[in-house]
Amino acid sequence: MLHFSRLKTTMILGMCLLGILLSIPNLLPHASLPSWVPQPRVNLGLDLQGGSYLLLEVDMNSVTKERIASTRSSVAETLRKAKVPFTSIVAGKDNVTITVADPGQLAAARQALRDIVTERVDGPSRALVFATSTAGNTLTLTLDPRAVTDLATKAVEKSIPIVRRRIDETGVNEPVVARQGQNRVLVELPGVSDPDRIKRLLGSTAKMTFRLVAPEGTAAGPEVELLPMANRAEGAEKLAVRRHVEVDGMNLTRANAGMDQRAGGWVVNFALDSIGTRHFADVSTKHVGQPFAIVLDNKVISAPVIREPIIGGQGQISGNFSADEANDLAVLLRAGALPAPLTIVEERTIGPSLGAHAICAGLYSIVAGFTFVVAFMIATYGRFGLFAAAALLVNLALTMAGLSMMGATLTLPGMAGILLALGMAVDANILINERTREELGKRNGVIASIETGFRRAYTTIMDANITTLIKMLILFVVGVGAIRGFAVTISLGIIVSMFTAI
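This structure is a prediction, so every number in the text was calculated from the model and none was measured.

Q: Is there a simple way to explain the overall build of the protein in this structure?
A: The secondary structure content of the protein amounts to 14 helices and 19 strands. For the protein, the C-alpha radius of gyration of 32 Å lies well beyond 23 Å, the compact-globule estimate for 502 residues. Expressed as a percentage of contacts within the protein between residues at least 6 apart in sequence, the contacts between residues at least 24 apart total 67%. A total accessible area of about 26,700 Å² is found for the protein, and carbon and sulfur atoms account for 59% of it. Taking the average location of the 48 positive side-chain charges in the protein and that of its 42 negative ones, the two points are 5 Å from each other.

Right under this line is the structure:
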């Protein structure tokens, strides 16, 4: 065991040297090294460099309203196809009331709507989406409260990746986006002290549709709605737009801001997938000469006239945009539409001065802890204590190098994790040294004592570290934010300590 080949020695020393080199950039400012030198660094979390904290809540009224509106449209279309006559379909706050022309047709209406009536929510409760009731010649579909709860959960789950994509597009480094409670999303933005642009991006649902414009003078009704123009003052005349969606924004595959080569000004160029391209070609072929409205979050961005069939699946959105507005719209369209609006219920800004103070406090604690551990090891084990101190220095360098290569985000709990990992790393040295002392007390030779002491300590070291790794894995899986950062630093520290000790 005490014989090491040159190859093994070279590999071990090479790994230690590489770890030290990779950890050095964390101690130097960005400008102090040439640009061609790789500079992997540990990212600082919100509590260390300051930034913004946002708590968003899914607007459940909008979720319910949209579900009721879509159900009303589906009911009307289904009854028309089934040729069941009806006099009215009224959408309420949480229900849809269908009045058939003849009470004798009520059973036929229920049969035609069986797919809607028997639909179950895709969630933990697996409850029916609608509870049904009849009275005379009316059939009422009422949203089940359990279904509403599951719809809220599903809306949050869908919102999280979309929120992350929108934030990532802005260049924010290592944001934290996590679910909190039943219908809330937590967003932490390290280094962002003015989150106004982020709030604008997150506050927009970004649901884009392409619809035909109704003839001038058409009043609002079941098939037509009046929508405001996005670039006009509030209270200006609204545009009559058909409710039927010809092409959905979900069919977008690309959206980029650019300059209009003909008219000048900023525009957003987009491309559609195969389904969107086919629908766009069909509607533009059938309605040449008619205005075609581009609607974003119930506001008409523009309503250009279809001059000729558009069969290539590519188009342009113009609306007197500034450069920032065009870029933000492109970001929203690329990230996708939120399933429901998000409202900010809590907002906090952490200043960089507080972060700097936290960094100093964390560094002082690590230095103090490291110094006391080294002093104890040297005082207790002498020369072997010096070996342990050297291993501890390499351990710290390798841990920082590993965090840098992972692009990990360091928070205060993460710094505590590093300090705890250093303490756990020296445990292995203590076990080996104490086992060796025991063997020396039995008057065995020095070489034999070291060999036996290490072999006996090895099993204990492995068992202790593996069980701790399992606990950290559980913390990483079930935890969020700083808890996961703590688990990452401890896990990496344990893996490194097994290398430096063994």
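Q: I keep staring at the side chain of Ser-497 and nothing clicks. Help me out?
A: With respect to the secondary-structure elements, Ser-497 resides in helix α14 (residues 482–501). On the basis of relative accessibility, which here comes to 4%, the residue Ser-497 falls in the buried class. In contact with Ser-497, not counting residues within four places along its chain, are Asn-395, Ala-425, Asn-465 and Ile-502.

Q: Looking at this model, I keep getting lost on the side chain of Ser-23. Mind explaining?
A: One can find Ser-23 in helix α1 (residues 6–23). At a separation of 2.8 Å, a polar atom in the side chain of Ser-23 contacts the main-chain carbonyl oxygen of Ile-20. If we ignore the near neighbours within four places in the chain, the residues touching Ser-23 are Ala-397, Met-400 and Ala-401.

Q: Would you take a moment to explain the confidence of the model for the protein for this structure?
A: Parts of the prediction with low pLDDT should not have their coordinates interpreted in detail. Of all residues in the protein, 94% attain a pLDDT of 70 or more, and the chain-wide mean is 83. Mean pLDDT across the secondary structure elements of the protein bottoms out at helix α2 (residues 46–49), with 72, and peaks at strand β11 (residues 239–242), with 91.

Q: How should I be thinking about the sheet that holds strand β4 (residues 95–100) in this particular structure?
A: Each strand in a sheet pairs with another by means of backbone hydrogen bonds, the pair being arranged parallel or else antiparallel. The four strands lie next to each other as β3-β4-β6-β5, forming an open sheet whose pairing is antiparallel. Looking at which strands have only one partner, the edges of the open sheet turn out to be β3 (86–91) and β5 (130–135). Across the sheet, the axes of successive neighbouring strands diverge by a mean angle of 15 degrees, strand direction being ignored. Along the sheet, helix α3 (residues 60–81) contacts β3, β4, β5 and β6 (138–143); its crossing angle with β3, the most-contacted strand, is approximately 165 degrees.

Q: I would appreciate a short explanation of the pattern of salt bridges in the present structure.
A: Pairing between side chains of opposite charge can happen when the charged atoms of each approach one another. Inspection of every chain in the model, using the stated rule, returns 16 salt bridges. For Glu-434, the salt bridge is made with Arg-437, and the minimal N-O distance between the two is 3.7 Å. On the criterion of helical spacing, the pair formed by Glu-434 and Arg-437 is a turn pair, its members being three residues apart in helix α12 (residues 412–441). Residue class for Glu-434 comes out partly exposed when judged on its relative accessible area of 31%. With its nearest N and O atoms 3.9 Å apart, the salt bridge here joins Arg-435 to Glu-438. Pair noted here: Arg-435 and Glu-438 are both in helix α12, with a separation of three residues, about one helical turn. Judged by its relative accessible area of 28%, Arg-435 falls in the partly exposed class. Taken together, the shared-partner salt bridges connect Asp-196, Lys-199 and Glu-347 into one network.

Q: Would you take a moment to explain the packing of helix α7 (residues 196–203) against helix α9 (residues 323–335) for this structure?
A: Packed helix pairs are characterised by how far apart their axes lie and by the angle those axes make with each other. Relative orientation of the contacting elements α7 and α9 amounts to 45 degrees, with a least axis distance of 10 Å. For the element pair α7 / α9, the angle class is oblique. Considering only the axes of α7 and α9, their crossing is right-handed. Only Asp-328, Val-331 and Leu-332 of α9 make contact with α7, whose side of the interface consists of Arg-197, Arg-200 and Leu-201. For the contact of α7 with α9, the class distribution of residues is three nonpolar, no polar and three charged.

Q: I would appreciate a short explanation of the packing of aromatic side chains in the present structure.
A: Two descriptors summarise a pair of aromatic rings, namely the distance from one centre to the other and the angle between the planes of the rings. For the coordinates displayed, the defined rule picks out seven aromatic pairs. With a centroid separation of 6.1 Å and 40 degrees between ring planes, the pair formed by Phe-454 and Tyr-458 is classed as tilted. Of this pair, Phe-454 and Tyr-458 are both found in helix α13 (residues 446–478), four residues apart, which corresponds to roughly one turn of the helix. Each member of the aromatic cluster is reached from another via a ring pair, and the members are Phe-210, Phe-270, Phe-280 and Phe-292. The ring centre of Tyr-53 lies 4.0 Å from the NZ or CZ of Arg-348, which sits over that ring.

Q: Would you explain α9 in this entry?
A: Note that an α-helix has 3.6 residues per turn; residues three or four places apart therefore point the same way. Across its 13 residues, α9 extends 18 Å between first and last C-alpha, which sits within 8% of the 18 Å expected from 1.5 Å per residue. Taken residue by residue, α9 has Ala-326, Asp-328, Leu-329, Ala-330, Val-331, Leu-332, Leu-333 and Ala-335 as its buried positions. In the stretch just after α9, Gly-336 is the one whose phi turns positive, near 100 degrees.

Q: Is there a simple way to think about a nonpolar patch on the surface in this case?
A: Together, Ile-466, Ile-470, Leu-473, Ile-474, Phe-476, Val-477 and Val-478 line one region of the surface with nonpolar side chains, adding up to about 670 Å² of accessible area. As for its placement among the helices and strands, Val-477 is situated in helix α13. Judged by relative accessible area, Val-477 falls into the exposed class, the value being 60%.

About the cut-offs
- Residues numbered from 1 in each chain as written.
- Predicted model: local features only at pLDDT ≥ 70, side-chain atom pairs only at ≥ 80, totals over all residues.
- Heavy atoms only, no water.
- Helix = DSSP H or I, 4+ residues; strand = E, 2+ residues; numbered from the N terminus.
- Rg over C-alpha atoms; globule rule 2.2 N^0.38 Å.
- Contact = heavy atoms within 4.5 Å.
- Areas by Shrake-Rupley, 256 points an atom, 1.4 Å probe, with all protein chains shown as cover.
- Lys, Arg positive; Asp, Glu negative; His and termini not counted.
- Charge placed at Lys NZ, Arg CZ, Asp CG, Glu CD.
- Buried < 20%, exposed > 50% of the residue type's maximum accessible area, 1.4 Å probe, protein only.
- Polar contact = N/O pair within 3.5 Å; in protein donor to acceptor, adjacent residues only side chain to side chain.
- pLDDT = per-residue confidence, 0-100.
- Pairing = 2+ DSSP bridges.
- Axes fitted to C-alpha atoms, helices over the stretch in contact; angles between N-to-C directions.
- Salt bridge = Lys/Arg side-chain N within 4 Å of Asp/Glu carboxyl O.
- Parallel < 35°, antiparallel > 145°, perpendicular 65-115°, else oblique.
- Left-handed = near helix turned anticlockwise from the far one by under 90°.
- Nonpolar A, V, L, I, M, F, W, Y, C, P; charged D, E, K, R; others polar.
- Phe/Tyr/Trp six-rings, centres within 6.5 Å; stacked < 30°, edge-to-face > 60°.
- Lys NZ or Arg CZ within 6 Å of the ring centre and 35° of its normal.
- Expected span 1.5 Å × (residues − 1).
- Patch = residues over 30% accessible without salt bridge, like charges linked within 9 Å, V, L, I, M, F, W, Y side chains within 5 Å.

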